[in-house]
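Structural characterization, general
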There are 2 protein chains.
Amino acid sequence: MTTEAQASAPRPDIRILTEAQLRGVVSLDLETIDVIENGFRALAEGGVVMPPVLSMAIAAHHGEVDVKTAYVPGVDGFALKVSPGFFDNPQLGLPSLNGLMILLSTKTGLVQAVFLDNGYLTDIRTAAAGAVAARHLAPDVETAGVIGTGVQARLQMQAAHLVRPFKRCLVWGRDAQKAKACAVDIAAMTGVEVAVMTEIAPLVAQSQLVVTTTPATTPLITADMLHDGVHITAMGSDQAGKNEIAPEALATADLYVCDRVSQCEVLGELRAARAQGLMRHTPPELGQIITGVAQGRTDLRQITICDLTGTGVQDTAIASHVATRLGDAGTVISA
Amino acid sequence: MTTEAQASAPRPDIRILTEAQLRGVVSLDLETIDVIENGFRALAEGGVVMPPVLSMAIAAHHGEVDVKTAYVPGVDGFALKVSPGFFDNPQLGLPSLNGLMILLSTKTGLVQAVFLDNGYLTDIRTAAAGAVAARHLAPDVETAGVIGTGVQARLQMQAAHLVRPFKRCLVWGRDAQKAKACAVDIAAMTGVEVAVMTEIAPLVAQSQLVVTTTPATTPLITADMLHDGVHITAMGSDQAGKNEIAPEALATADLYVCDRVSQCEVLGELRAARAQGLMRHTPPELGQIITGVAQGRTDLRQITICDLTGTGVQDTAIASHVATRLGDAGTVISA
């Protein structure tokens with residue numbers, strides 16, 4: 001068939017990497033945290049195109065799939081990330097969260113790589129974002145607290161410890177056995193003393209940094225728990241109705257920071273606060289704090305909260321970072 | 001690391017297919033047309049979840065990327081399709097349109113296959129949709145006309161000929177050389193006599209079926225060109241501002257049918273008509289005509305128009321069809 005556009009150049013090869021191969025290429029370290037920080041910086045500096053998350057529910061199978069993407073000027077590739085969450089999977093012996101990332105050329109739209117990461121890259125870019133928030137909003141951390149006992153509870157503490165080498169960690173979870181297992185893992189990952197708490201209030205009271213990593217739909221942290229100097233990062237699963245921090249706590253804080261305001265209004269803590277008529281102002285974004293466009297913490301006694309819903313910019317940042325480190329890993333497919 | 005959800009079952013292998021391998025697995029034939037027709041039927045029968053298209057423009061590189069998906073009850077997999085269009089690519093010797101489809105399990109969200117099709121599956125599912133429209137709205141076709149000279153001009157005539165074995169084909173394009181090349185190809189593909197027309201009006205006048213396949217933003221077919229019995233399918237590229245059929249022509253037709261009303265309002269011919277205050281009613285969808293829920297053509301002399309913007313259901317239908325025919329084609333990646 002004669003086509004009107006005579007293609008003369010061959011398409012470049014496509015690299016396919018599995019989760020195991022990706023784990024060998026990139027890990028949660030200071031370089032990854034810097035890569036994600038640069039993503040937030042780019043988001044604040046303008047020129048980023050980041051459409052709203054595409055979300056599809058498959059109620060019949062207790063599942064949903066989210067798709068995120070973002071174009072970042074100056075970065076050669078852009079990621080398109082597919083995150084399915086199917087919550088009956090554990091009954092089948094499968095993890096609930098899976099998915100992949102595709103890296104495409106920003107110049108030609110051609111597929112460069114497919115990262116069959118089962119959510120691994122999301123895990124580390126999410127943890128890295130928590131570390132970026134801690135770096136800019138939690139100046140002095142001797143004790144870090146984590147609420148929730150899943151993969152992110154572990155990774156958030158690992159990442160936070162890289163930028164704020166705290167001496168002690170406190171863990172709270174609904175299930176005491178899971179909290180204990182989580183504490184053992186965090187101790188092994190960070191080398192610090194880790195204790196399991198049976199109540200949230202004393203965990204917050206003793207911590208200078210608290211990270212919430214749950215799918216809670218009724219607030220876990222209330223305004224009365226806040227104390228001078230505490231920083232809280234809320235990064236729990238961002239499904240409809242999610243709410244980890246009480247609206248009054250958001251309003252009480254000296255500074256509330258979003259990763260992306262337009263997302264936090266829909267998927268983040270801001271949603272519930274706005275629904276109660278609170279937080280009518282437009283909060284600053286983390287990238288604006290990083291670049292100095294917006295004012296961050298100005299006093300050690302201030303109470304700060306950062307709301308992380310996860311952005312396509314983080315995905316483009318981590319996927320592009322992976323691309324620079326591939327070496328000869330993975331399977332090459334000739335397009 | 002101890003994770004809270006102990007995964008005991010291994011993830012199934014993932015199949016990766018290139019465009020060349022996919023061309024060996026599936027082609028534009030009556031079976032493909034039936035598969036797409038069943039997709040339209042499912043869309044009308046309810047239970048389909050089809051979120052709005054995710055669209056991101058990368059203006060700096062004259063590019064855009066669209067993502068479509070749909071869950072169809074009763075189908076084991078759902079497709080997520082990534083369609084980049086980068087319009088400076090021909091200067092680099094590369095085609096403008098590329099992309100891939102991912103097939104995921106509707107039960108677990110696990111990735112089943114990655115089809116690196118460079119748009120091939122989109123090409124055939126789009127042509128098949130044209131044939132479905134012809135089957136249900138163009139009862140008697142002796143001469144078929146096509147406006148535009150690209151890949152879809154060829155494939156639309158090939159597909160239409162499978163369901164309506166017309167004797168003669170007319171081609172119009174802005175570029176006479178391209179129109180001639182297109183005519184040669186259509187003659188070879190269908191075996192019918194094909195003539196190049198220098199004006200659109202006589203092409204429409206002599207045809208019982210007309211398919212428009214252009215990126216026009218000012219109407220090519222006007223109300224005065226319509227004649228008794230003609231059916232027009234508008235399937236040209238669905239970018240912002242696209243308009244192939246004059247609003248007055250839409251309003252003049254006895255029946256105007258959408259593939260999906262919510263998409264045609266934004267991306268289809270309906271947008272321009274509504275902007276002029278015309279076509280205020282909710283038109284029927286092609287699936288409703290197929291299932292008999294809405295009335296189709298009731299008289300050979302009626303003028304009918306079908307507006308095809310392309311749906312995620314078509315992508316899920318074609319990708320699932322491919323999955324049933326894979327045999328041992330492609331590369332197997334152990335997740």
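Residues numbered from 1 in each chain as written. Chains lettered and ligands numbered in written order. Predicted model: local features only at pLDDT ≥ 70, side-chain atom pairs only at ≥ 80, totals over all residues. Heavy atoms only, no water.

Focus on the overall build of chain A
Of the regular secondary structure elements, chain A holds 11 helices and 14 strands. Taking 2.2 N^0.38 as the reference for a compact globule, 335 residues should give roughly 20 Å; the C-alpha atoms of chain A span a radius of gyration of 20 Å, in line with that estimate. With the C-alpha coordinates aligned to their principal axes, the bounding extent of chain A is approximately 70 × 45 × 40 Å. A total of 335 residues make up chain A; the buried ones form 59% of that total. Sequence-distant contacts in chain A: of pairs separated by 6 or more residues, those separated by 24 or more amount to 70%. Surface exposure of chain A reaches about 12300 Å², of which carbon and sulfur atoms provide 50%. For chain A, the distance from the average site of its 24 positive side-chain charges to the average site of its 34 negative ones is 1 Å. (Helix = DSSP H or I, 4+ residues; strand = E, 2+ residues; numbered from the N terminus. Rg over C-alpha atoms; globule rule 2.2 N^0.38 Å. Buried < 20%, exposed > 50% of the residue type's maximum accessible area, 1.4 Å probe, protein only. Contact = heavy atoms within 4.5 Å. Areas by Shrake-Rupley, 256 points an atom, 1.4 Å probe, with all protein chains shown as cover. Lys, Arg positive; Asp, Glu negative; His and termini not counted. Charge placed at Lys NZ, Arg CZ, Asp CG, Glu CD.)

Structural notes on the interface of chain B and chain A
For interface size, the figure often reported is the accessible area lost on association. On the side of chain A, 65 residues touch chain B, which itself brings 65 residues to the contact. Here chain B and chain A share an interface that buries about 5400 Å² over both sides, 73% of which is from carbon and sulfur atoms. For the pair chain B and chain A, the interface holds 2 salt bridges. Salt-bridge contacts for B:Glu19 lead to A:Arg11; the nearest nitrogen and oxygen are separated by 3.9 Å. The interface formed by chain B and chain A contains 8 residue pairs in polar contact (both at pLDDT 80 or more). For the side of chain B that touches chain A, the per-class residue count stands at 39 nonpolar, 19 polar and 7 charged. (Buried area = accessible area lost by both parts, 1.4 Å probe. Salt bridge = Lys/Arg side-chain N within 4 Å of Asp/Glu carboxyl O. Polar contact = N/O pair within 3.5 Å; in protein donor to acceptor, adjacent residues only side chain to side chain. Nonpolar A, V, L, I, M, F, W, Y, C, P; charged D, E, K, R; others polar.)

Looking at the domain arrangement of chain A
Residue and element names in this part refer to chain A. As assigned here, chain A comprises domain 1 (14-121 + 314-333) and domain 2 (138-310). For domain 1 and domain 2, the distance between their C-alpha centroids amounts to 24 Å. Contacts between domain 1 and domain 2 engage 16 residues on the former and 19 residues on the latter. Surface buried jointly by domain 1 and domain 2 totals about 1400 Å² across both partners, of which 69% is contributed by carbon and sulfur atoms. Taken together, domain 1 and domain 2 are joined by 0 salt bridges. Here domain 1 and domain 2 share 2 residue pairs in polar contact (both at pLDDT 80 or more) between them. The greatest single-element share of the side of domain 1 that touches domain 2, amounting to 8 residues, is contributed by helix α2 (residues 30-45). (Domains from an automatic or database assignment.)

Examining the pairing of strand β8 (residues 168-172) of chain A
Residue and element names in this part refer to chain A. For β8, the tally of buried residues reaches 4 of 5 residues, placing the bulk of the element in the interior. Across 5 bridges, the pairing between strand β7 (residues 143-147) and β8 is parallel. Each bridged residue has a counterpart across the sheet, and for Ala-144 the counterpart in β8 is Cys-169. Handedness of the β7-helix α4 (residues 151-163)-β8 crossover: right-handed. Alignment of β8 against strand β9 (residues 193-196), held across 4 bridges, turns out to be parallel. Its bridge partner lying in β9, Cys-169 is registered against Val-194. Between the parallel pair β8 and β9, the chain is carried across by helix α5 (residues 176-190), and the sense of this crossover is right-handed. (Pairing = 2+ DSSP bridges. Right-handed = clockwise from strand over helix to strand, strands pointing away.)

Some details on empty space enclosed by the protein
A full pass over the atoms with the stated rule returns 2 cavities of 30 Å³ or more. Put simply, the largest cavity is a space of about 60 Å³. Forming the walls of the largest cavity are A:Asn98, A:Gly99, A:Leu116, A:Asn118, B:Arg11, B:Pro12, B:Ile14, B:Leu110, B:Val111 and B:Ala335. Per-class residue counts for the lining of the largest cavity are 6 nonpolar, 3 polar and 1 charged. (1 Å grid on protein atoms, 1.4 Å probe; cavity = no way out; pocket = protein on both sides within 12 Å on 5 of 7 lines; lining within 4 Å. Points joined across faces, edges and corners; volume = space filled by probe spheres on them.)

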